[in-house]
Amino acid sequence: MQTANSPDTAEMSAAGGRIQRSNSLAENVYEAIFAQLMALKIAPGSRITVDNLVKELDVSHTPIREALGRLEGEGLVLKTHLIGYRAAPQITRRRFDELYEMRLLLEPHAAAKAAAAMDEAKLNTLLAAAGVMSRREGKDDRLRYSNFARQDAIFHDKIMEFSENELIRQTLSHQHTHFHIFRLMYHSRVTEEALDEHEAILAAFGSADPGAAQEAMRVHIEHSRDRLLPAFD
Ligand SMILES: [Zn+2]
């Protein structure tokens, strides 16, 4: 995760705004807007007004614009010339079906390859990535949910990396799949059930068993699809 270092800390409100003091104000502003998008506090498709965010977060325009630019690169924010920013619309049912069809074709196969190439260092990387997700950090469920979405993206991306097909990895990564699917439904079930399924994937990697890894990944993706389908009812 890149961290934008900017001198914006000087812009901190003396009274202490909603954004807490840290090394990088830009990073915190980004995280705050990201969490609002993921938890649907900023509704899909809705206008995003820089001035409103300036007031709400009690910061200047600069870190807001920086954060929105970064979110645009992640597919969560759209910018229209002379009109401004809006939240990316919710993915359609058709795109959702296409996305899961593609994931089911690519990810179980890649998980099998990753299991065949598994070693201690790779396994530790995956255990660490999965471990971050299980921790309950703070009381802010919205932040926890958005963090989970990002960590899930990293976990799946690491598996793709270890499967050593960079084209498959890039193809999946360019869809920003995890940001879009987690935005369909803001519900603890989405995260908690996924943790058990990740455990099964990790167990298969732990025994370097390609067949078990393929099956565990297939089950995880199918369950993920079935958990999120009610969002279209
Ligand atoms: Zn997952």
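Structure's up top.
I will try to describe carefully the structure that is included in this document. Each chain has its residues counted from 1, following the order in which its sequence is written. Local features in this predicted model are restricted to residues whose pLDDT is 70 or higher, and side-chain atom pairs enter the listing and the counts only when it is 80 or higher, whereas totals over whole chains, interfaces and linings include all residues. Only hydrogens and water are set aside when side-chain values are computed; all heavy atoms of the structure are taken into account.

**Looking at the packing of aromatic side chains**
For clarity, the threshold we go by: Between rings of Phe, Tyr and Trp, where Trp is taken as its six-membered ring, a pair exists when centres lie within 6.5 Å; planes separated by under 30 degrees are stacked, by over 60 edge-to-face, and by other angles tilted. Secondary structure elements follow DSSP: runs of H or I of four or more residues count as helices, runs of E of two or more count as strands, with numbering from the N terminus. Relative accessibility decides the category of a residue: with a 1.4 Å probe and only protein chains considered, values under 20% of the type maximum give buried, values over 50% give exposed, and everything between is partly exposed. The criterion is that NZ of a Lys, or CZ of an Arg, lies within 6 Å of the ring centre and within 35 degrees of the ring normal, and then a charge sits over that ring.
Across all of its chains, the model carries six aromatic pairs by this definition. Here the aromatic rings of Y145 and F182 are separated by 5.9 Å at their centres, their planes lie at 75°, and the arrangement is edge-to-face. Taken together, the residues Y145 in helix α6 (residues 141-162) and F182 in helix α8 (residues 177-182) connect sequence positions 37 residues apart. Residues Y145 and F182 agree in their burial class; the two are buried. Taken together, Y30, F34 and F179 form an aromatic cluster joined through their ring pairs. The lysine or arginine in question, R70, covers the ring of Y30, its NZ or CZ lying 3.6 Å from the ring centre. The side chain of R150 reaches across the aromatic face of F34, ending 4.2 Å from its centre.

**Focus on the sheet that holds strand β3 (residues 84-87)**
The condition that has to hold: A pair of strands is treated as paired once DSSP finds two or more bridges between them.
Strand order in this open sheet of three strands is β1-β3-β2, and the pairing throughout is antiparallel. Every other strand in the sheet has two partners, leaving β1 (47-48) and β2 (77-80) as the edge strands with one partner each. As paired elements, β2 and β3 share four bridges and run antiparallel to each other. Bridging from a neighbouring strand, L78 pairs with R86 of β3.

**Remarks on the coordination of the zinc ion**
Let me state the cut-off plainly: Any N, O or S atom lying within 2.8 Å of the metal counts as a donor, with the limit raised to 3.2 Å for Na, K and Ca; because water is left out of the atom set, some sites can appear incomplete. Four donors are marked tetrahedral only if all angles between them lie between 85 and 135 degrees, whereas four are marked square planar and six octahedral if opposite donors are more than 155 degrees apart and the other angles lie between 65 and 115; the remainder are marked irregular.
Coordination of the zinc ion by the protein comes from D152 (OD), H156 (NE2), H198 (NE2) and H220 (NE2), over a distance range of 2.1 to 2.2 Å. Around the zinc ion sit four donor atoms; with metal-centred angles ranging over 87 to 169°, the donor geometry is irregular. Written as a sequence motif, the donor arrangement for the zinc ion is D-x3-H-x41-H-x21-H. Here D152 and its partner H156 are both found in helix α6, four residues apart, which amounts to about one turn of the helix. Classification of D152 by relative accessible area gives buried; the value is 3%.

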